[in-house]
Amino acid sequence: MFKGVNIPDLSGNRKANMLAIGSAVAVSAVAALTALALWLGSGPSVAVYTCEPGQDGRPEGLDALGGPIDMSGVFERFGDVAPEMPGAWVRFRGGDSRNIVEDGPPLANAWPETGLPILWSVELGDGYAAAAVLDSRVYVLDYDPKRRADVLRCLALADGTELWRRAYEVTVKRNHGMSRTIPAVTEKYIVTIGPRCHVVCLDTATGDFRWGIDLQRDYGTAEPLWYTGQCPIIEGGRAIIAPCGEEVLMMAVTCETGEVAWSTPNTHGWNMSHSSIIPMTLLGKKTYVYCALGGIAGVSAEAQDAGALLWERPWDAKVVAPSPVQVGDDKIFMTAGYGKGSMMLQLSRDGDDWTVETLYERVPKEGLSCEQQTPLYHDGLLYGIMPKDAGGLKGQFVCYRPGGELVWSSGQDNRYGLGPFMLADNKFFILDDEGELTLLDATAAGFAPLAKAEVLDGHDAWGPLALAGTRLLLRDLGKMVCIDVGAKNE
Amino acid sequence: MSERKKLDRRDFMRGAAAAAFAGATWFAAGSKAEDTVWQLDPNKCTQCGRCSTHCTLNPSAVKCLNQFNICGYCDLCFGYLHPGSRERDTDAENLLCPTAAIERKFIEAPYYEYKIHEERCIGCAKCVEACLVFGNGSFYLQVRQDICVNCNECSIAKACPSEAFSRVPASKPYLYITGDTPPNVVR
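All values derive from a computational prediction rather than experimental measurement.

What counts, and at which threshold
In every chain, residue numbers begin from 1 and rise along the written sequence. Just so you know, chain letters begin at A and ligand numbers begin at 1, following the order they were written in. With the structure being a predicted model, the display of local features is reserved for residues of pLDDT at least 70 and the display and counting of side-chain atom pairs for 80 or more, all residues being used for whole-chain, interface and lining totals. A run of H or I in DSSP counts as a helix once it spans at least four residues, and a run of E counts as a strand once it spans at least two, with each numbered from the N terminus. Within these notes, the globule rule equals 2.2 Å times the number of residues to the 0.38 power, and the radius of gyration is based on C-alpha atoms. Counting other C-beta atoms within 10 Å of each residue's C-beta, where C-beta atoms are placed from the backbone, gives the exposure class: buried for 20 or more, exposed for 12 or fewer, partly exposed between. It is the C-beta atoms, placed from the backbone, that decide contacts: two residues are in contact if theirs lie within 7 Å. How sure the predictor is of each residue is captured by pLDDT, a score from 0 to 100. Following DSSP output, two strands are said to pair if at least two bridges run between them. Helix axes are fitted to C-alpha atoms over the stretch in contact, other axes to C-alpha atoms as well, and angles between N-to-C directions run from 0 to 180 degrees. Expected helix span is given by 1.5 Å per residue-to-residue step, counting one fewer step than there are residues.

(A) Structural detail: the overall build of chain A. Looking only at helices and strands, chain A features two helices and 34 strands. Against the 2.2 N^0.38 benchmark of 23 Å for 490 residues, chain A shows a C-alpha radius of gyration of 32 Å, more extended than a compact globule. Viewed in the frame of its principal axes, chain A has a C-alpha envelope of about 130 × 55 × 55 Å. Taking all 490 residues of chain A together, 47% fall into the buried category. For chain A, long-range pairs separated by at least 24 residues make up 54% of all intrachain contacts whose partners lie at least 6 apart in sequence.

(B) Summary view of the overall build of chain B. Of regular secondary structure, chain B possesses four helices and seven strands. Counting from the amino terminus, chain B carries its helices and strands in the arrangement α-β-α-β-β-β-α-β-α-β-β. Burial statistics for chain B: of 187 residues in total, 33% are counted as buried. Long-range pairs, those at least 24 residues apart, make up 75% of the contacts in chain B between residues at least 6 apart in sequence.

(C) Spatial organisation of the confidence of the model for chain B. Residues at a pLDDT of 70 or more form 87% of chain B, whose mean pLDDT is 87. If you check the scores for this complex, the pTM reads 0.83 and the ipTM reads 0.75.

(D) The sheet that holds strand β9 (residues 189-193) of chain A, seen in detail. Residue and element names in this part refer to chain A. If you walk across this open sheet you meet the four strands as β8-β9-β10-β11, and the pairing is antiparallel. At either end of the open sheet lies a strand with only one pairing partner, and these are β8 (184-185) and β11 (209-214). By the bridge criterion, two bridges tie β8 to β9 in an arrangement that is antiparallel. Bridged to Ala 184 within β9 is Val 191.

(E) Spatial organisation of the interface of chain B and chain A. Contacts between the two partners involve 19 residues from chain B and, on the opposite side, 20 residues from chain A. Of all the secondary-structure elements, those providing two or more residues to the side of chain B that touches chain A are β3 (102-108) and α3 (126-134) of chain B. Per-element accounting of the side of chain B that touches chain A gives the leading share, three residues, to β3(B).

(F) The arrangement of the sheet that holds strand β33 (residues 471-475) of chain A in detail. All names here are of chain A. Taking strand neighbours across the sheet as the criterion, the four strands line up as β3-β34-β33-β32 in an open arrangement whose pairing is antiparallel. Each end of this open sheet is capped by a strand with a single partner; those strands are β3 (118-123) and β32 (466-468). Sheet twist, expressed as the mean angle between neighbouring strand axes with direction ignored, is 20°.

(G) Up close: the environment of Glu102(A). The topology assignment puts Glu102(A) in the loop between β2 (100-101) and β3. Between the C-alpha atoms of Glu102(A) and Asp425(A), which are 323 residues apart in sequence, the distance is 5.7 Å.

(H) Molecular detail of helix α1 (residues 14-42) of chain A. Residues and elements named next belong to chain A. Its 29 residues give α1 an end-to-end C-alpha distance of 42 Å, which sits within 8% of 42 Å, the value for a rise of 1.5 Å per residue. Across the 29 residues of α1, zero count as buried, placing the element largely on the outside. Within two residues after α1, Gly 43 carries a phi angle of roughly 80°, on the positive side.

(I) Representation of unusual backbone geometry in the model. Residue and element names in this part refer to chain B. Going from Asn 58 to Pro 59, the amide bond is cis rather than trans, its omega being 0°. Assignment of secondary structure puts Pro 59 in the loop between α2 (50-54) and β2 (62-67). Residue Pro 110 follows Ala 109 across a cis peptide bond; omega there is 5°. Here Pro 110 is to be found in the loop between β3 and β4 (111-116). Backbone geometry places Gln 47, a non-glycine residue, at a positive phi of 55°. For Gln 47, the position within the fold is in the loop between β1 (36-40) and α2. Taking the number of C-beta atoms within 10 Å as the measure of exposure, Gln 47 has 21 and is therefore buried.

(J) Region of interest: the pairing of strand β17 (residues 285-291) of chain A. Residues and elements named next belong to chain A. Counting buried positions along β17 gives five out of seven residues, so the element sits mostly inside the fold. Alignment of strand β16 (residues 278-282) against β17, held across five bridges, turns out to be antiparallel. The residue of β17 that forms the bridge with Thr 281 is Lys 286. From the end of β16 to the start of β17, which pair antiparallel, there are two residues, and Leu 283 there has a positive phi angle of about 50°. Where β17 hands over to strand β18 (residues 294-300), the hairpin turn is made up of two residues, counted between the paired strands.

(K) The pairing of strand β22 (residues 341-350) of chain A, seen in detail. Residue and element names in this part refer to chain A. As defined by bridge partners, strand β21 (residues 331-336) adjoins β22 across six bridges and the pair is classed as antiparallel. Bridge assignment links Ile 332 to a residue of β22, and that residue is Leu 345. Where β21 folds back onto β22 in an antiparallel hairpin, the turn is made up of four residues, including Tyr 338, whose phi is positive at roughly 55°. The pairing of β22 with strand β23 (residues 353-362) spans nine bridges and is antiparallel. Counted as the bridge partner of Met 343 is Glu 361 from β23. The hairpin formed by β22 and β23 contains two residues between the paired strands, and Gly 351 there has a positive phi angle of roughly 65°.

(L) Inspection of the environment of Gly458(A) at higher detail. Residues and elements named next belong to chain A. With respect to the helices, strands and loops of the structure, Gly 458 is situated in the loop between β31 (449-454) and β32. Residue class for Gly 458 comes out partly exposed when judged on the 19 C-beta atoms lying within 10 Å of it. Put simply, Gly 458 and Glu 434 are 24 residues apart on the chain and 4.0 Å apart in space, counted from C-alpha to C-alpha. Contacts of Gly 458, omitting those with residues within four sequence positions, involve Asp 433, Glu 434, Gly 435 and Asp 476.

(M) Fine view of the environment of Ser138(B). Topologically, Ser138(B) is positioned in the loop between α3 and β5 (139-143). When the C-alpha positions of Ser138(B) and Ile107(B) are compared, they lie 18 Å apart, and in sequence the two are 31 residues distant.

This is how it looks when you write it as structure tokens:
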């Protein structure tokens, strides 16, 4: 007992007190358990959503492709006469794959105030497929939405008259246009790659079908987003293709027979991009350079080790539309849009051992970057149109040193979007999205416009330019036009 | 005590006229205020993100819309997918939206529909910026009038660096990027 403290005597009522205390504890426990159950059962105070793969209902595999197609298709002839015209543009970026014409006829330094006359025009299915030209004939792999067919059309360069066409049925839905690529043409063969990755070889003289390869079905190629933009090349009677399939990165197909002459394994599982194979001579070695989704690689183009992988370098761009650009004897400039930017690679070799060093990588706000078109390299400088995420330079035609320093830009009043450009007779031809053609003096130390002309109605005038002699072929989303830019117009 | 002044007829008429004028003024001013609401001009918006942090409501009354007739229905949607995403699917780690407010649904190859769940959208404009830079610009912000409490002094308008907020007629409360085109949008 505590001294001086009066504690009531509970002994007589101990049982009742214990019962009361026990009841209180029990009630408290039940209340606590109930509260806990309510708390656990009520869920989070903020809604939680489950985001797992497959919730969008994306189909898998080849189911989305439909059945195999007959690539021989249907041939139609409309005429034979193609008045003789000078000049050729045998594949994407011209015969030397540089998009530069140095030995052509003189071109005008100024255009009539009334504009450039349209010599002829032809309606096309929506897209960006552009022309190849050989022996006075224009070849374009169009898409006919009514017929649902890829259609190789042969037109007379003189007046646009359609001479023949060969069409194979394939479903292509509008997805930023339908057609994409440029044929490769020699005197004997024409090779095309359709938007759904169908490679077809025809006889140039007759339009006869030789062979076809469905890259998706035969090689496990994953069709790029918005269809493929890869343009084929023909070298030494072989079509050089980059299937980027389950096993094959690059291959050569003999045009005469359709047999695969050599192939390069796809050891890293890279995927097909919109980029095209560019032939280069690097450190004395003939090389095919291709930038896939996953990385860029150099493959031997020489007979003794054709198809051998010389070097490779991973690159994780999501979308790659431009093609590699050779800078000097031992460097490669590569760019891609959608936030990726660019990089400069330095190659070195010790016999058959190649090494790749990255000189720099830049985001679009830090250096030359192109989203869709391939930059030009001329007289030690790089030229291109900056992408939408390039800050103040967005859409401007720019000149950079290979080291990454900006030399000049076209200014905020001269933006060109995603349009194509080329260099001929020391003049830049730049087509903007809406079909306005600008002529620049390439010998000037800065942006020096010579002339402008509306040649197309636009929009999306993104198909690459083709120049045969003095005839320039351009297109917007739905129409191709032919104009004469020769010096006689001055 | 002072003698109470008797109200004569002239004073009464003056008072009545003043009261009528004041009432008419108040009514006119009141009617005018009710006729306008806050809205943001998507062409002035710089996607700064303040719409999500400065609204008196939480979450903000500013929501993203997807203008159907401009959307490319792309598989690779930069407004939907995070720049660092490895796959083009609906996994949480691939999403740009911090609240998973955009629903992606396969329509037919190669098209995908993107729908905004407004109850999840906080108006941060991350998707708007990405779609504008790399896509067609079909995502854009608007003040949802069924949520906005129409404060006299809109705290977002006060914080907006591009002065994109203004009062617009309540009879035409939305500023669609297609001008007068009907609200062909997904919410």
